Amino acid sequence: ALEHMGLLASSGPGDVLEATARLVFASPRSCEIAVSGIAENLFSGQRREVCRARFVFATTRADALLPRYEPETERERAEFEDAQRRYIERKQARSRHATTHA
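Let me begin by describing the structure that accompanies this report. (Residues numbered from 1 in each chain as written. Predicted model: local features only at pLDDT ≥ 70, side-chain atom pairs only at ≥ 80, totals over all residues. Heavy atoms only, no water.)

Before going further, it helps to spend a moment on the pattern of salt bridges. Taken as a whole and assessed by the stated rule, the structure comprises 13 salt bridges. In this structure, Glu 79 engages Arg 22 in a salt bridge whose closest nitrogen and oxygen atoms are separated by 2.3 Å. Within this pair, whereas Glu 79 is found in helix 1 (residues 74–100), its partner Arg 22 is found in strand 2 (residues 15–26), the two being separated by 57 residues in sequence. By relative accessible area, which is 29% here, Arg 22 ends up partly exposed. Between Glu 32 and Arg 86 there is a salt bridge, and its shortest N-O distance comes to 2.5 Å. Of the two residues, Glu 32 is situated in strand 3 (residues 30–41) and Arg 86 in helix 1; the sequence distance between them amounts to 54 residues. Taken individually, Glu 32 and Arg 86 each receive the classification buried, so the pair is uniform in this respect. Sharing partners across several salt bridges, the network here consists of Glu 18, Glu 40 and Arg 47. (Salt bridge = Lys/Arg side-chain N within 4 Å of Asp/Glu carboxyl O. Helix = DSSP H or I, 4+ residues; strand = E, 2+ residues; numbered from the N terminus. Buried < 20%, exposed > 50% of the residue type's maximum accessible area, 1.4 Å probe, protein only.)

Dropping the structure here:
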C-alpha cells in the first residue's frame, strides 16, 4: 500500500530519474519501505530530489514471518522509530474498526 507520497520538484527534458528504496521498519508480518526519487540533468550533472514515498507491504500467509530488522545508524534508528509509531497507530486503528464493526 502507498502510505505517503510527496512531490518535491519537477523533472524535465534531459533528466534521468533514479529511484532508491530502503527498508526502514519490519514487524513479523509487514515492512515499510522508503523510496526517494532523484532527477539528474544529463547536460549539467545537477542532481535533485524530486519525490519521496513510503510503502507498506504485508504478508497474507500465516506461516510467513519476516526477518528482524536492526537499524544501525542514528538516521536509521530515527526512521525506524517513526515507522514503528505509524505501525502501532495502524494496528490500533484496525482494532478500533474491528471493534466498532463487529
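Following the structure, the description resumes.
The next point concerns a nonpolar patch on the surface. Together, Leu 2, Met 5 and Leu 7 line one region of the surface with nonpolar side chains, adding up to about 340 Å² of accessible area. Mapped onto the fold, Met 5 is located in strand 1 (residues 2–7). For Met 5, a relative accessible area of 48% translates into the label partly exposed. (Patch = residues over 30% accessible without salt bridge, like charges linked within 9 Å, V, L, I, M, F, W, Y side chains within 5 Å. Areas by Shrake-Rupley, 256 points an atom, 1.4 Å probe, with all protein chains shown as cover.)

So, about the sheet that holds strand 4 (residues 47–58). Ordered in space as 1-4-3-2, the four strands form an open sheet in which the pairing is antiparallel. The open sheet has two edge strands, strand 1 and strand 2, and neither has a second partner. The average undirected angle you get between the axes of adjacent strands in this sheet is 15°. In this structure, strand 1 lies alongside strand 4, joined through five bridges in antiparallel fashion. From the neighbouring strand, Leu 2 faces strand 4, where its bridge partner is Phe 55. Against the sheet, helix 1 makes contact with strand 1, strand 2, strand 3 and strand 4, and its axis sits at roughly 70° relative to strand 2, the strand it touches most. (Pairing = 2+ DSSP bridges. Axes fitted to C-alpha atoms, helices over the stretch in contact; angles between N-to-C directions. Contact = heavy atoms within 4.5 Å.)

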